[in-house]
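If you want the building blocks of each chain, they are given just below.
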Amino acid sequence: MSSADLPEAGESVDLILRHVTRRFPEDFAKALLPPGTQITSATWLDTQVTSRQRRLDRALEVVIDQLCRLEHTEWQLEWVNDLPLRIFEYHVMTALAVAHRPSPPQIRSTVVLLSGREEPWPSQGVYRTSPPGEPFSGVSFAIDAVYQRTIAELSARGSPLWMMFAPLAVDADPRAMAR
């Protein structure tokens with residue numbers, strides 16, 4: 001196998017994280033939702049849209065208090081300028097993929113950043129399609145810069161899934177990793 005056959009680092013990380021989270025859908029849902037949320041079920045839903053040559057990640061279908069919602073997570077090594085547009089595109093494609101349902105689920109997107117700037121990120125990002133001064137149209141999404149969290153913050157999320165990011169935490173050192 002030549003180096004040309006190997007996926008880029010970002011693709012490898014994305015594949016690994018997708019694989020891990022697909023194996024633990026309920027833990028992943030608990031990690032994304034507010035603490036104490038009672039989840040009835042969490043299953044991965046195929047939301048592939050084939051009318052365009054763009055493959056959409058799967059969305060996690062979560063049932064809370066008998067209401068269905070979809071959680072879309074974008075794993076990102078670092079922020080790139082077209083990320084908000086991509087999240088908007090995924091959001092729209094996901095909505096189209098489930099529009100046939102009698103009661104289409106609500107959709108929430110989260111960008112999980114694995115590296116980047118030192119300045120703290122806002123908790124929300126937006127891609128606005130409406131003109132300034134008009135009612136908002138577009139998509140808002142959560143931003144979770146796990147590399148800016150402490151090990152205690154990751155642990156406090158109550159899901160062991162987030163501990164795989166402990167080596168990225170701001171207070172990660174050999175002693176902390178041993179704990």
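For the structure itself, look to the data block above.
None of the values given here were measured: they were computed from a predicted structure.

## Points about empty space enclosed by the protein
Tallying each qualifying case throughout the model produces 1 cavity of 30 Å³ or more. Here the largest cavity is characterised by a volume of approximately 60 Å³. Contributions of two or more residues to the lining of the largest cavity are made by α1 (9–23) and β3 (67–76). When residues of the lining of the largest cavity are assigned to their parent elements, the largest contribution, 4 residues, is made by β3. Here the residues of the lining of the largest cavity sort into 3 nonpolar, 3 polar and 5 charged.

## What to know about the nonpolar core
Membership of the largest hydrophobic core comes to 23 residues, with the highest contact counts inside it found for Ala-29, Val-62, Val-146, Trp-162 and Phe-165. Sorting the residues of this core by element identifies α2 (25–32), β1 (39–45), β2 (59–64) and α4 (151–156) as the ones contributing at least two each. With 4 residues, α2 is the largest single contributor of residues to this core. With near-sequence residues (within four places) excluded, Val-146 lies in contact with Val-112, Leu-113, Leu-114, Leu-154, Arg-157, Trp-162, Phe-165, Leu-168 and Ala-169. Core analysis: the next-biggest nonpolar cluster, separate from the first, contains 10 residues, Leu-83, Leu-113, Trp-121 and Phe-141 among them.

## Re helix α3 (residues 83–98)
Since there are 3.6 residues in each turn of an α-helix, residues three or four apart along the chain are aligned in direction. Here α3 spans 23 Å end to end across 16 residues, near enough to the 22 Å set by a 1.5 Å rise per residue. Residues of α3 that are buried include every one of Leu-83, Pro-84, Arg-86, Ile-87, Glu-89, Tyr-90, His-91, Met-93, Thr-94 and Val-98, and no others. Those residues of α3 hidden inside the fold are in contact with β1, β2, β3, β4 (106–113), β5 (124–128) and β6 (138–145).

## Thoughts on the pattern of salt bridges
Tallied over the full model, the rule gives 8 salt bridges. The salt bridge involving Arg-69 is made with Glu-71; its shortest N-O contact spans 2.9 Å. Under the relative-accessibility criterion, Glu-71 is labelled buried at 1%. Notably, a salt bridge pairs Glu-74 with Arg-86, separated by 2.9 Å at the nearest N-O pair. Of this pair, Glu-74 sits in strand β3 while Arg-86 is found in helix α3, placing the two residues 12 residues apart along the sequence. Each of Arg-69, Glu-71 and Arg-108 takes part in one network of salt bridges that share partners.

## Quick notes on the packing of aromatic side chains
The tally for this structure, following the rule as stated, stands at 5 aromatic pairs. Seen from their ring centres, Trp-79 and Trp-121 are 4.9 Å apart, and the 25° between their planes marks the pair as stacked. Separated by 42 residues along the polypeptide, Trp-79 in the loop between β3 and α3 and Trp-121 in the loop between β4 and β5 bring together distant segments of the chain. Here the aromatic cluster, defined as three or more aromatic residues joined through ring pairs, consists of Trp-75, Trp-162 and Phe-165. Note that Arg-117 overlies the ring of Trp-121, its terminal NZ or CZ placed 3.6 Å from the centroid.

Parameters at a glance
- Residues numbered from 1 in each chain as written.
- Predicted model: local features only at pLDDT ≥ 70, side-chain atom pairs only at ≥ 80, totals over all residues.
- Heavy atoms only, no water.
- 1 Å grid on protein atoms, 1.4 Å probe; cavity = no way out; pocket = protein on both sides within 12 Å on 5 of 7 lines; lining within 4 Å.
- Points joined across faces, edges and corners; volume = space filled by probe spheres on them.
- Helix = DSSP H or I, 4+ residues; strand = E, 2+ residues; numbered from the N terminus.
- Nonpolar A, V, L, I, M, F, W, Y, C, P; charged D, E, K, R; others polar.
- Core = buried A, V, L, I, M, F, W, Y, C linked by side-chain atoms within 4.5 Å.
- Buried < 20%, exposed > 50% of the residue type's maximum accessible area, 1.4 Å probe, protein only.
- Contact = heavy atoms within 4.5 Å.
- Expected span 1.5 Å × (residues − 1).
- Salt bridge = Lys/Arg side-chain N within 4 Å of Asp/Glu carboxyl O.
- Phe/Tyr/Trp six-rings, centres within 6.5 Å; stacked < 30°, edge-to-face > 60°.
- Lys NZ or Arg CZ within 6 Å of the ring centre and 35° of its normal.

Any functional reading would require information beyond the geometric quantities listed.
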